[in-house]
Amino acid sequence: MRSPKHYDVIVVGGGHAGIEASLACARIGDPTLLITQKVEQIGYMSCNPAVGGLAKGHLVKEIDALGGEMAKATDETGIQFRQLNTGRGPAVRSSRAQVDRQEYRLQMKRTVESQKNLTIKEATVEEILTDGNQIIGVKTDLNETIQTKTLILAPGTFLNGLIHIGLTRFSAGRMGDPPSISLSESLKKLGFRMGRLKTGTTPRLDRQTIDFSQLTPQYGDEPPIPFSFTTEKIETDQVPCYITYTNLTTHEIIKSGLDRSPLYCGIIKGIGPRYCPSIEDKVVRFADKKRHQIFLEPDGRNTNEIYPNGISTSLPLDIQIRMLRSIKGLEEVEIIRPGYAIEYDFVDPTELKPSLETKKIRGLFHAGQINGTSGYEEAAAQGLMAGINASLTIRGEEPLILKRSDAYIGVLIDDLVTKGTAEPYRMFTSRAEYRLHLREDNADLRLREIGYEVGLMKKEDYQIFLEKKVAIEKTLSRISEVRVNPTKENNEILHQWGTASLKKNSSLQEILKRPEIHFKHLFAFDHSLESLPGTVQKQVEIQVKYDGYIKRQMEQIERFKKLEEMSFPGGFDFSSVIGLTTEVMEKLKKIKPYSLGQASRISGVTPAAISILMVNLKKQGYL
């Protein structure tokens with residue numbers, strides 16, 4: 001059956017990647033169809049109901065700066081907000097929020113349903129339709145053919161998904177949802193290199209069977225700091241989490257079940273996330289540790305479900321129960337839903353261009369776990385970029401490629417398409433070589449302009465951003481001009497703040513550079529500064545205190561840009577370059593880097609090979 005509808009974009013999957021992709025395309029102005037197996041599950045959080053965390057918070061801020069939705073939904077439905085790494089420098093400080101799982105889902109569902117240019121269809125996509133190497137449509141389980149100019153695949157863990165609980169296993173995309181088997185077969189038929197990955201989740205616990213009186217509460221920050229640059233403040237009451245620990249008895253129970261663990265029996269073939277191991281993996285790999293921390297996190301305000309963060313497991317159900325009841329506060333706990341592991345197919349991300357369009361099929365984009373990543377935030381970031389680039393492709397415009405010096409999103413995508421991944425990829429601040437520049441606090445200053453130019457930014461929000469930018473520039477100028485004399489009165493004020501006396505006339509900027517001084521201290525010398533918004537004060541303080549470091553990093557970025565701007569022409573024949581080793585040539589032909597910069601980041605491509613490539617480009621007149 002052929003559908004009468006033609007769409008500019010079809011997005012497959014209603015998870016975090018699919019939501020951002022479909023919203024981006026529709027907001028830019030392209031008629032978009034979002035196909036999902038269950039409409040009521042749009043935006044559902046399969047694992048922990050939380051957003052952000054170390055480095056992941058940076059991604060969410062960047063998604064928001066570009067005009068995405070994740071941060072806004074988090075602010076609307078968050079139940080606990082915390083800033084992480086506050087005792088360290090601004091580059092590694094990150095935001096994290098616990099959200100109400102059902103409210104988040106409903107918020108995202110409302111947003112998608114109310115979006116102009118966006119249609120939702122409940123179906124399962126079984127086949128990708130192409131004409132030569134051009135995408136032309138999809139076929140669903142209802143034998144319906146739907147035509148499109150571009151297709152974005154964001155199927156999460158549903159590609160040939162297989163759930164494991166002990167030695168019990170069954171096909172599923174996640175617990176309670178069917179897998180997508182035919183779509184995986186369609187990708188294989190198209191010739192994509194595919195692999196198998198594994199992830200897992202924790203048991204869900206009944207709040208009424210937990211003794212919280214024995215446990216340590218963990219409260220959110222007061223006042224809570226919003227994720228979105230457009231949220232003025234969070235006004236909802238926060239909900240505490242609770243901390244408990246495993247113990248040696250817990251570890252012995254876990255070890256007693258390893259003979260029925262799919263992870264240790266060799267049943268699970270997929271590679272799991274190294275940085276988020278299961279509890280059985282922790283106990284085996286870190287045998288010297290006497291305990292492991294567990295955060296008991298509420299699933300929402302109006303539910304009894306508790307998510308025990310830290311004990312992801314695929315152990316048999318009887319072992320899960322015994323393990324949990326050996327933990328302080330959980331002696332009589334009941335499991336609402338068991339923990340499980342899930343294996344799923346993914347496509348080698350080196351099959352992608354930096355735009356997230358596949359190299360084999362024009363108009364076909366991949367986003368999220370299909371590219372080998374883990375995490376809601378990584379998925380949403382890819383979905384947003386795939387959506388933007390699908391729309392730009394339709395218009396015949398150049399894709400938006402964020403460089404490693406532009407955003408964590410740029411680091412994420414560059415790592416995937418250049419290096420590939422053999423395990424679920426997770427973002428860390430250590431992956432970003434320019435992290436002093438790529439801070440959470442300046443994500444809007446780095447990316448807001450781009451979001452506005454591609455059509456994802458409301459005019460009123462952009463105007464507010466411009467006002468903030470001007471205020472920062474004026475304040476930096478003012479504090480460099482206002483001088484403070486070394487009078488007895490002024491020096492007494494400085495002594496009260498634990499800093500040295502002035503020996504000469506100094507600017508407010510010079511005073512602010514001192515480690516003991518914060519922006520609020522400047523009010524004593526210039527009352528007009530008190531009226532500035534907190535975001536402006538914070539940004540000015542960071543820019544002043546880290547000025548020397550930031551300047552050095554910007555110099556590094558300029559050198560990096562020169563290499564990135566040395567581009568290979570379309571269809572460049574790497575096999576024609578004389579002097580390259582066979583290994584290097586094969587890697588270059590596989591990845592097909594767009595620039596010398598990207599080529600330099602391919603594993604095994606040596607500095608000598610880069611020099612040869614540079615000489616070759618010059619000889620051919622491309623440099």
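Description of the structure in this document.

Quick look at the overall build of the protein now. When its secondary structure is counted, the protein shows 19 helices and 22 strands. Over its C-alpha atoms the protein spans a radius of gyration of 26 Å, differing by no more than 12% from the 25 Å that the globule rule assigns to 623 residues. Reported as C-alpha extents along the three principal axes, the dimensions of the protein are approximately 80 × 75 × 50 Å. The buried share among the 623 residues of the protein stands at 57%. Taking the contacts inside the protein whose residues are at least 6 apart along the sequence as the reference set, 73% of them involve residues at least 24 apart. Total accessible area on the protein is roughly 26,300 Å²; 50% of this is exposed by carbon and sulfur atoms. In the protein, which carries 84 positive and 78 negative side-chain charges, the distance between the mean positions of the two groups comes to 4 Å.

Here we take up the pattern of salt bridges. Once the charged atoms of two side chains with opposite charge are near each other, the side chains can pair. Here the structure, examined in full by the defined rule, presents 41 salt bridges. Here Asp345 makes a salt bridge to Lys188, at a shortest N to O gap of 3.8 Å. In this pair, Asp345 sits in strand 19 (residues 340-347) while Lys188 sits in helix 5 (residues 181-189), placing the two residues 157 residues apart along the sequence. Exposure remark for Asp345: the relative accessible area of 5% places this residue in the buried category. A cluster of three or more residues bridged by salt bridges with shared partners is formed by Arg404, Asp414, Asp415, Lys419, Glu433, Glu564 and Arg601.

Strand order in the open sheet made by the three strands is 3-5-4, with antiparallel pairing throughout. Both outer strands of the open sheet, strand 3 (50-52) and strand 4 (78-84), are each paired with one neighbouring strand and no more. Neighbour to neighbour, the strand axes of the sheet diverge by 15 degrees on average, direction disregarded. As paired strands, strand 4 and strand 5 (residues 94-99) are joined by six bridges and run antiparallel to one another. Each residue of the ladder has a partner; that of Leu84, found in strand 5, is Ser94. This element, helix 3 (residues 70-77), spans strand 3, strand 4 and strand 5 of the sheet and lies at about 115 degrees to strand 4.

What follows concerns helix 16 (residues 547-564). The terminal C-alpha atoms of helix 16, which comprises 18 residues, lie 25 Å apart, in line with the 26 Å expected from a rise of 1.5 Å per residue. Within helix 16, the full set of buried residues consists of Ile550, Gln553, Ile557, Phe560 and Glu564. Down the axis of helix 16, the buried side of the element spans an arc of 75 degrees, and every buried residue falls inside it. Residues of helix 16 that are exposed and point more than 90 degrees away from the buried face comprise Arg559 and Lys562. The inward-facing, buried residues of helix 16 contact helix 15 (534-545) and helix 18 (596-600).

Our focus in this paragraph is the side chain of Thr124. Position of Thr124 among the secondary structure elements: in the loop between strand 6 (118-122) and strand 7 (125-131). Every residue in contact with Thr124, bar those within four places of it in the chain, is listed here: Gln37, Lys139, Thr140, Asp141 and Ser180.

Checked against the element boundaries, Asn490 lands in helix 13 (residues 488-496). A polar atom in the side chain of Asn490 sits 2.8 Å from the backbone oxygen of Asn485. The residues contacting Asn490, other than those within four sequence positions of it, are Val484, Asn485 and Phe525.

Turning next to the sheet that holds strand 17 (residues 305-309). Strand order in the open sheet formed by six strands is 14-15-16-17-13-18, with antiparallel pairing between adjacent strands. Whereas interior strands pair on both sides, the edge strands pair on one side only; in this sheet they are strand 14 (216-218) and strand 18 (335-337). Averaged over all pairs of adjacent strands, the angle between strand axes in this sheet comes to 40 degrees, irrespective of strand direction. The pairing of strand 15 (residues 241-245) with strand 16 (residues 293-298) spans four bridges and is classified as antiparallel. If you follow Tyr242 over to strand 16, its bridge partner there is Leu296.

Before going further, it helps to examine the packing of aromatic side chains. Following the criterion strictly, the structure yields ten aromatic pairs and no others. Ring geometry for Phe568 versus Phe574: centroids 4.9 Å apart, planes at 70 degrees, classification edge-to-face. Judged on exposure class, the residue Phe568 and its partner Phe574 are both buried. Grouped by ring-pair contacts, the aromatic residues Tyr452, Tyr462 and Phe465 constitute a single cluster.

Attention now goes to empty space enclosed by the protein. Going through the model one piece at a time under the given rule, you end up with two cavities of 30 Å³ or more. The space that makes up the largest cavity amounts to roughly 120 Å³. The wall of the largest cavity is formed by 17 residues, among which Pro354, Ile401, Leu402, Gly410 and Ile413 lie closest to the centre. Here the element with the most residues in the lining of the largest cavity is helix 10 (residues 408-419); it accounts for five residues. Residue classes in the lining of the largest cavity are distributed as ten nonpolar, two polar and five charged.

The end-to-end C-alpha separation of helix 12 (residues 459-481) is 33 Å, in line with the 33 Å expected for 23 residues at 1.5 Å each. For helix 12, the complete set of buried residues consists of Asp461, Tyr462, Phe465, Lys468, Ile472, Thr475, Leu476 and Ile479. On its buried face, helix 12 sits against helix 11 (443-454), strand 22 (506-507), helix 14 (508-512) and helix 15.

Let us look at the nonpolar core. Among the nonpolar cores identified, the biggest contains 67 residues, and Ile152, Met385, Ile388 and Ile409 are the most heavily contacted of them. For this core, the element with the most residues is helix 9 (residues 376-394), which contributes ten residues. Those residues in contact with Ile152 that lie beyond four places of it in its chain are Val9, Ile10, Val11, Val12, Ala21, Cys25, Phe365, Ala367, Ala386, Gly387 and Ala390.

What follows covers the layout of surface pockets. What the second largest pocket holds in volume is close to 1,100 Å³. If you trace the second largest pocket, you find 33 residues lining it, with Ile225, Pro226, Gly534, Thr535 and Lys538 closest to the centre. Of all the secondary structure elements, the ones that give two or more residues to the lining of the second largest pocket are helix 11, helix 12 and helix 15. Among the elements that make up the lining of the second largest pocket, the one with the highest residue count is helix 12 (six residues). Grouping the constituent residues of the lining of the second largest pocket by class yields twelve nonpolar, nine polar and twelve charged.

Here the bond from Glu222 into Pro223 is cis, since omega is -5 degrees, no more than 30 degrees from zero. Mapped onto the fold, Pro223 is located in the loop between strand 14 and strand 15. In the Ramachandran plot, Asn143 falls in the positive-phi region, its phi being about 60 degrees despite a non-glycine side chain. Considering the arrangement of structural elements, one finds Asn143 in the loop between strand 8 (134-140) and strand 9 (145-153). In the Ramachandran plot, Asn160 falls in the positive-phi region, its phi being about 55 degrees despite a non-glycine side chain. Here Asn160 shows up in the loop between strand 9 and strand 10 (162-165). On the basis of relative accessible area, Asn160 is assigned to the partly exposed category, the value being 23%.

Parameters at a glance
Residues numbered from 1 in each chain as written. Predicted model: local features only at pLDDT ≥ 70, side-chain atom pairs only at ≥ 80, totals over all residues. Heavy atoms only, no water. Helix = DSSP H or I, 4+ residues; strand = E, 2+ residues; numbered from the N terminus. Rg over C-alpha atoms; globule rule 2.2 N^0.38 Å. Buried < 20%, exposed > 50% of the residue type's maximum accessible area, 1.4 Å probe, protein only. Contact = heavy atoms within 4.5 Å. Areas by Shrake-Rupley, 256 points an atom, 1.4 Å probe, with all protein chains shown as cover. Lys, Arg positive; Asp, Glu negative; His and termini not counted. Charge placed at Lys NZ, Arg CZ, Asp CG, Glu CD. Salt bridge = Lys/Arg side-chain N within 4 Å of Asp/Glu carboxyl O. Pairing = 2+ DSSP bridges. Axes fitted to C-alpha atoms, helices over the stretch in contact; angles between N-to-C directions. Expected span 1.5 Å × (residues − 1). Arc of directions from axis to C-beta. Polar contact = N/O pair within 3.5 Å; in protein donor to acceptor, adjacent residues only side chain to side chain. Phe/Tyr/Trp six-rings, centres within 6.5 Å; stacked < 30°, edge-to-face > 60°. 1 Å grid on protein atoms, 1.4 Å probe; cavity = no way out; pocket = protein on both sides within 12 Å on 5 of 7 lines; lining within 4 Å. Points joined across faces, edges and corners; volume = space filled by probe spheres on them. Nonpolar A, V, L, I, M, F, W, Y, C, P; charged D, E, K, R; others polar. Core = buried A, V, L, I, M, F, W, Y, C linked by side-chain atoms within 4.5 Å.

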